[in-house]
Amino acid sequence: MKKIFYLFYFLSFTINMRAEDGYRLWLRYDLVQNKTLLNKYRAQVNACSLFGNSEIIEAARNELSMGLSGLLGGKIPVYNVTPGNAAKILFAGTPTTSAFIASLPYKEQLQQAGKEGYIIITMYTGSTSTIIIAANNDIGVLYGCFHFLRLLQTEQDISQLKIVSAPKIQNRILDHWDNLTRYIERGYAGISIWDWQRLPDYLDQRYADYARANASIGINGTVLTNVNANSWALSPLYLVKVAALAKVFRHYGIKVYLTARFSAPIDIGGLKTADPFDAEVKAWWKKKVDEIYQHIPDFGGFLVKANSEGQPGPQSYGRNHADGANMMADALAPHGGIVMWRAFVYSSDIKEDRYKQAYNEFKPLDGQFRKNVMVQVKYGPIDFQPREPIHPLFGAMPQTPLVMEFQLTQEYLGFATHLVYMGQLFKEMLNTDTYVNGPGSTVAKIIDGSLDHYNITGIAAVANIGNEKNWTGHPFGQANWYAFGRMAWDHTVSPSQVATEWIRATFTNDKKFVTPVLEMMMGSRENMVNYMTPLGLHHIMGYGHHYGPAPWYDKALRADWNPVYFHRADSAGIGFDRTSKGSDALGLYAPGWRRQYEDMNTCPEEFLLWFHHVPWNHKMRSGNTLWEELCFKYYSGTDGVLWMQKAWQSTKGLIDNERFEQVNMLLKIQVNEAIWWRNACLLYFQTFSRQPIPGKYEKPDHALDYYEALRFPYAPGNAQ
Ligand code: GCW
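Rules behind the numbers
- Residues numbered from 1 in each chain as written.
- Predicted model: local features only at pLDDT ≥ 70, side-chain atom pairs only at ≥ 80, totals over all residues.
- Heavy atoms only, no water.
- Near = heavy atom within 4 Å.
- Polar contact = N/O pair within 3.5 Å; in protein donor to acceptor, adjacent residues only side chain to side chain.
- Nonpolar A, V, L, I, M, F, W, Y, C, P; charged D, E, K, R; others polar.
- Pairing = 2+ DSSP bridges.
- Helix = DSSP H or I, 4+ residues; strand = E, 2+ residues; numbered from the N terminus.
- Contact = heavy atoms within 4.5 Å.
- Axes fitted to C-alpha atoms, helices over the stretch in contact; angles between N-to-C directions.
- Core = buried A, V, L, I, M, F, W, Y, C linked by side-chain atoms within 4.5 Å.
- Buried < 20%, exposed > 50% of the residue type's maximum accessible area, 1.4 Å probe, protein only.
- Salt bridge = Lys/Arg side-chain N within 4 Å of Asp/Glu carboxyl O.
- pLDDT = per-residue confidence, 0-100.
- Phe/Tyr/Trp six-rings, centres within 6.5 Å; stacked < 30°, edge-to-face > 60°.

**Student:** Just give me the short version of the site of the ligand, but keep the residues and values in it.
**Tutor:** In the vicinity of the ligand lie 15 residues, with Glu185, Lys305, Lys378, Asp383 and Glu411 positioned nearest. At 2.7 Å, a side-chain N or O of arginine 342 approaches an oxygen atom of the ligand. A distance of 2.7 Å is found between an oxygen atom of the ligand and a side-chain nitrogen or oxygen belonging to lysine 378. When grouped by side-chain class, the residues that make up the shell around the ligand number four nonpolar, three polar and eight charged.

If you want it as structure tokens, here you go:
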């Protein structure tokens, strides 16, 4: 008897362990733990009726069946017919697929839901309730089902639902920087999940699970390939593989896009030029695009990085970005495809602050792009730093739809080792007021089209996904993928609400866990800013691989790849003067914005060194000198991580051991790396300030030359 017990114990233990490897992301559908709620839910839903026959409805049916059976326990049947008795039934469908849905008094709500949105309503007939998930199209039904399942997962009351939800931005896209070799540029979670070699015939289960995860948060597009592009992706060999992926993703409303290398007509087309004005080149792209649509009838379009960091582009032929984008747009237009043309351009030949270069190139082109072109702009003017001011192009191109580009992969945010929740970063950028049309001209209103009435809108994020079991390497990297999707759908949702949902769905609803972990997540980004780049420092990381601190580095061939170019520390002070007396990057912004930043005394301190060369003894708002404040910030950053580590330890036993230990180990590394950042940066900047690190702080454990001598030839993710 005892033996059997042990065997059973062992089995359940191993099963449990295996089940929590993070693969299920936030789509864990385990039995609702709160017994009172569970009984209530069971009393409200014991079967579903899902109308329609499309592949998307099929996906919704599978999800509901799997989700409800898991969450409520036992098998919850999902029919595609109207059962005789409507009590305890969940109905889902569109007015077209169901006469019942069409007959409901929710026309106005459905109108608000638009093309992709949905409504979720608890309808009462006497005392019996029926849950209605209705939408105008099947994709809305699928999104609504995911939302409903999330309500149960996060233990919400479903007795009075009156939800109307519609996305504020049309194209919500993940950009993969995945090469055909499966190596991921700036990828820290393994190799690419696209198994090109075995496609199209072998379809990894991951493809469907990837699509499910994306659909569950409203992402509706994926760019499969790296912006540092390979023309082979457009060859027939690869197009059949892309088509196989597109077929899986279609079930979840996800469109496939590819990066187009500008020199493809030469690379794989045998032409002598890629000049966008050349008739043969134009014809080549047209034919290529027609071919793509034969394989993938709902192909989304191209993402293009041109004339940037060595990528070919129209400028090689004396043409401009609009000429290049328009040529591709003309080929895509008859099929409804779009071009997302990146504005991440800068050149070391131009002796101008790198901050200003993209603006200078693109602003004059406003109004010259075709209707199906969007210009994709990184959130800040330099490069995905832990904190950047908003890119000056936002608000400067009223006639060109701009796509916001975020970066989920943590190239500059501690790789997949540091716990940094990006919800606030997204919010900070989206809420920034550009003042271009007076106060209230927020970035969110620019990219959702409400300010300039764009005809298409988009938001994108560089993915942090690889083939690691838990997808993102760090278990908390999943939260950034989740937050991106949720905030791309609705940028008004708060980062803490999104984080709370994610914690509950991913780990547990236990308050003893949710409360401290939410606090950890909410403080994590500011901690990171403090221990890496406080007060507006930026781009001071290791050269090439971008791992760790290297503010001293000055050997890059291009000046604007060197940390010293960005921090400009000297015996007088530190920071980049971008006022009218300096590079005048501030001159690119609307007067309302510029005025505040131009004056050292009114410039928000978190951006101070972005815009000013500040004397070491400058008095900060706290009463500290700049040097003292810098020390204070660096030390509070590391203290913050130490606090996170303690907070995490207090959750031991509240979740599975496997994920608990993973995070525990990662936090240990994060603590060490945060201290490394702090010590290396302060010791180096001290050589200019010539002031001591105040005695109340723990002393750095090595001298500066130790940090300067560290080398990491195989740090992951470097461009290849
Ligand atoms: O952040 C930089 C990266 C490059 C990347 C580039 C870009 C894909 O270091 O690896 O290239 O930005 O966004 O194009």
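Past the structure itself, the notes keep going.
**Student:** Can you explain the sheet that holds strand β5 (residues 128-134)? Please cite residues and give values.
**Tutor:** Taken in spatial order, the six strands make up an open sheet running β2-β1-β3-β5-β4-β6, and their pairing is mixed. Single-partner strands in this sheet number two, and they are β2 (78-79) and β6 (162-165). Sheet analysis places strand β1 (residues 47-50) next to β2, joined by two bridges and oriented parallel. Looking at β2, one finds that serine 49 is bridged to tyrosine 79. Where helix α3 (residues 55-72) meets the sheet, it contacts β1, β2 and β3 (89-93), and its direction lies at approximately 175 degrees from that of β1.

**Student:** Any chance you could break down the sheet that holds strand β13 (residues 402-407) for me, citing the residues and the numbers?
**Tutor:** Taken in spatial order, the eight strands of this closed barrel run β7-β8-β9-β10-β11-β12-β13-β14, and their pairing is parallel. Taken pair by pair, the neighbouring strands of this sheet meet at an average axis angle of 25 degrees, ignoring direction. Each of β10 (301-304), β11 (338-342) and β12 (373-378) is contacted by helix α11 (residues 321-332), which is oriented at about 160 degrees to β11, the strand it contacts most.

**Student:** Which residues make up the nonpolar core, and what values do they have?
**Tutor:** Ranked by size, the top nonpolar core spans 233 residues in total, and within it Phe148, Trp481 and Phe685 carry the most contacts. Among the elements that line this core, the one with the most residues is helix α22 (residues 657-689), at 14 residues. The residues contacting phenylalanine 148, other than those within four sequence positions of it, are Val45, Leu68, Leu90, Ile120, Ile131, Ile133, Ile158 and Leu161. With 14 residues, the next largest nonpolar core counts Ala47, Ile101, Leu110 and Ala134 among its residues.

**Student:** Give me the pairing of strand β14 (residues 458-462): which residues, what numbers.
**Tutor:** For β14, the buried fraction is high: five of the five residues fall into the buried class. Two elements, strand β7 (residues 171-175) and β14, share five bridges in a ladder whose sense is parallel. Paired with leucine 174 across the two strands is alanine 461, which belongs to β14. Here β13 pairs with β14 via five bridges, running parallel. Its bridge partner lying in β14, glutamate 405 is registered against alanine 460.

**Student:** Go over the pattern of salt bridges, please, and point to the residues and values.
**Tutor:** Considering all chains together, one arrives at 35 salt bridges under this definition. The partner of glutamate 501 in a salt bridge is arginine 150, and the shortest N-O contact between them spans 3.7 Å. Taken together, the residues span a long stretch of sequence, with glutamate 501 in helix α16 (residues 495-506) and arginine 150 in helix α6 (residues 138-153) at a distance of 351 residues. The same class applies to glutamate 501 and to arginine 150, which are both buried. Arginine 319 serves as the salt-bridge partner of aspartate 275, at 2.9 Å between the closest nitrogen and oxygen. You can see aspartate 275 sitting in the loop between α9 (264-267) and α10 (279-295) and its partner arginine 319 sitting in the loop between β10 and α11, a full 44 residues away along the chain. The exposure class assigned to arginine 319 is partly exposed, which follows from its relative accessible area of 24%. What emerges from the salt-bridge pattern is a single network uniting Glu20, Arg24, Arg28, Asp30, Asp656 and Arg659.

**Student:** So what about the environment of alanine 499? Which residues, and what values?
**Tutor:** Topologically, alanine 499 is positioned in helix α16. Looking at alanine 499, the relative accessible area reads 0%, which means it is buried. For the pair alanine 499 and glycine 423, spaced 76 residues apart in sequence, the C-alpha separation works out to 7.6 Å. Dropping the residues within four chain positions of it, alanine 499 is found in contact with Tyr421, Leu518 and Met521.

**Student:** Could you give an account of helix α13 (residues 423-431), with specific residues and numbers?
**Tutor:** Among the nine residues in α13, seven count as buried, and that is most of the element. The set of residues buried in α13 consists of Gly423, Gln424, Leu425, Phe426, Lys427, Met429 and Leu430. Buried residues belonging to α13 abut β13, α14 (443-447), α15 (477-489), α16 and α17 (511-532).

**Student:** Could you give an account of the environment of phenylalanine 406, with specific residues and numbers?
**Tutor:** If you trace the backbone, phenylalanine 406 turns up in strand β13. Linking phenylalanine 406 and glycine 114, residues 292 residues apart in sequence, is a C-alpha distance of 26 Å. Once residues within four sequence positions are removed from consideration, phenylalanine 406 is found in contact with Tyr379, Phe384, Leu425, Phe426, Met429, Leu430, Ile459, Ala460, Ala461, Val462 and Phe484.

**Student:** Please provide a residue-by-residue account of the confidence of the model for the chain, values included.
**Tutor:** On average, residues of the chain carry a pLDDT of 95, and 96% of them reach 70 or more. Note that pLDDT drops below 50 for residues 4-18; the model gives that stretch two contacts with residues more than four away or on any other chain.

**Student:** Tell me what's going on with the side chain of threonine 122, and back it up with residues and numbers.
**Tutor:** Mapped onto the elements of the fold, threonine 122 is located in strand β4 (residues 118-125). We classify threonine 122 as buried; its relative accessible area is 8%. Here the side chain of threonine 122 touches isoleucine 158 through a polar contact of 2.9 Å, landing on its backbone oxygen. From its side chain, threonine 122 meets the backbone nitrogen of leucine 161 in a polar contact 2.7 Å long. When near neighbours in sequence (up to four residues on either side) are disregarded, threonine 122 contacts Gln44, Ser129, Thr130, Ile131, Ile158, Ser159, Gln160 and Leu161.

**Student:** Just give me the short version of the side chain of asparagine 562, but keep the residues and values in it.
**Tutor:** Considering the arrangement of structural elements, one finds asparagine 562 in the loop between α17 and α18 (563-567). Dropping the residues within four chain positions of it, asparagine 562 is found in contact with Tyr553, Asp554, Lys555 and Ala556.

**Student:** Give a description of the packing of aromatic side chains that names residues and reports values.
**Tutor:** Aromatic ring pairs are defined here through the distance separating the ring centres and the angle between the ring planes. All chains considered together, the criterion is met by 55 aromatic pairs. Ring plane angle 80 degrees and centroid distance 5.7 Å describe the contact between phenylalanine 476 and tryptophan 648, whose orientation is recorded as edge-to-face. Taken as a pair, phenylalanine 476 in the loop between β14 and α15 and tryptophan 648 in helix α21 (residues 626-649) lie far apart in primary sequence, 172 residues in all. For the pair phenylalanine 476 and tryptophan 648, one class covers both residues: buried. On the numbers, 5.5 Å between centres and 55 degrees between planes, the contact of tryptophan 676 with phenylalanine 712 is tilted. Within this pair, whereas tryptophan 676 is found in helix α22, its partner phenylalanine 712 is found in the segment after α23 (704-709), the two being separated by 36 residues in sequence.

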